Amino acid sequence: MRLPPLVYLLGAVSFLMDVASEMVYPLLPLFLASLGAGPGTIGLVEGVAEATASLFKVVGGRLSDRLGRRRPFLLLGYGLPALFRPLLALAQSPFHVLLYRFLDRTGKGLRTAPRDALIAESAPKEALGRAYGLHRSLDTLGATLGPFLAFLLLPLLGFRGVFWLSALPALLAFLLLFAVRETPRPLSPLPPLALGHLSPGYRRFLLVSGLFALALSSNAFLLLRLKELGLSQEEVALAYTLYNLLYALLAYPLGGLADRVGLRRMVATGFGLYALVYLGFAWARTAFWALGFLFLYALYSAAFEGASRAYLATLVPEEAKAGAIGLYHTVVGVLLLPASLLFGLLWQAFGAAAAFLTGAALALGALLLFLVDGTGRRAYPG
């Protein structure tokens, strides 16, 4: 079964925007330092940015459901990072960078839930895994190409030149959205977006995902562990590029596999793979073994990211689809901050093994909770 053209179009938009974003993101700490910012300021900028994205996801989804439209929120969400790129290229102080990151992440927050809802509404239910897998694949290919372009262009153009050039793929992504067509739904009052108004399956998955989110520490800790085990900075950067490439190549076929074996089964597999990867990073004593588990982490990412979004789409009500998806992303996003903070404190106090073992235990707890239904019986993960 062929996927609708809209799914490919939204994947192309995400590919271009991720190329633009990832040309910039790895350079921002260095650029902020060149403007006189210390570690505290850099942390503040990134903390505000990620918190903004998380909080606006439920806002964008809720407003999209209320208005019965997805496309305006995509235009606004992708347009803000594209149109305000000159603010970053012309920045003269850390405050200018903070303002850009706020607008950029506001755009990401506003577009995420309406975009995911539009994919769910356009793809056949039996092909949701492939649809989200294709989107994650193209998105991650952009995330792989962006840093590589920045690496090549930085010696030639400097920070500001790379920032100016990154506006091109961002603008192309924005322009592609004018090809998106949707059938507007009539304005209608929405029920309160309270857990009591949502299905038991959604509420349970939100609980499981909240527990799992506490295990989702920043990928930076995986890279730090690789360096601790003996890789150079250049080798760490290459390993992360290969991780992204492997993730991109596996996401689409694993999305198709999820449609065949069951979305729930693939989500459960993802929880298990994550726990195995973190156990491996706790156990590894050489960079060779850690690299093997990093590439297994790419398999987890490819299996889980698309399947979990597709599975979520089957649990949310039609009249509040984007709002419920946005609430999920907001809850998970907000919990990522304490997750990374807890991981860092455990590493600092007790060592890397203790931190990774805690993450593995939380992931296993989420898996067990996911495999048991609300009556206490084991649920078939199909």
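For the chain, an unreviewed UniProt entry supplies the name MFS transporter and the organism Thermus thermophilus. Regarding the chain, the UniProt comment filed under Subcellular location (unreviewed entry) reads as follows: "Membrane".

Caption draft 1: Summary view of the nonpolar core. If you look at the biggest cluster of nonpolar residues, it comprises 97 residues, and the most contacted ones within it are Tyr202, Phe212, Leu226, Tyr274, Phe281 and Phe356. With 15 residues, helix α12 (residues 287-313) is the largest single contributor of residues to this core. If we skip the residues at most four places from it in the chain, Tyr274 touches Phe212, Ala215, Leu216, Ser217, Tyr297, Tyr300, Gly359 and Ala363. Met23, Leu27, Ala91 and Val97 belong to the second-largest nonpolar core, a separate cluster that totals 18 residues.

Caption draft 2: Structural context of the UniProt feature "transmembrane region" (unreviewed entry) in the chain. As recorded in UniProt, the sites labelled "transmembrane region" (unreviewed entry) are residues 83-103, 138-156, 162-180, 205-224, 236-254, 290-312, 324-347 and 353-372. Taken end to end, residues 162-180 is 79% helix and 0% strand, and its two terminal C-alpha atoms sit 29 Å from one another.

Caption draft 3: The arrangement of the environment of Tyr297 in detail. Mapped onto the secondary structure, Tyr297 falls in helix α12. A relative accessible area of 5% means that Tyr297 is categorised as buried. Sequence-wise, Tyr297 and Leu273 are 24 residues apart; in three dimensions their C-alpha atoms are separated by 7.4 Å. Ignoring sequence-local partners within four residues, the contact set of Tyr297 consists of Asn219, Leu222, Tyr243, Tyr274 and Val277.

About the cut-offs
- Residues numbered from 1 in each chain as written.
- Predicted model: local features only at pLDDT ≥ 70, side-chain atom pairs only at ≥ 80, totals over all residues.
- Heavy atoms only, no water.
- UniProt positions renumbered as here; feature names shortened; annotations may be inferred.
- Core = buried A, V, L, I, M, F, W, Y, C linked by side-chain atoms within 4.5 Å.
- Buried < 20%, exposed > 50% of the residue type's maximum accessible area, 1.4 Å probe, protein only.
- Helix = DSSP H or I, 4+ residues; strand = E, 2+ residues; numbered from the N terminus.
- Contact = heavy atoms within 4.5 Å.

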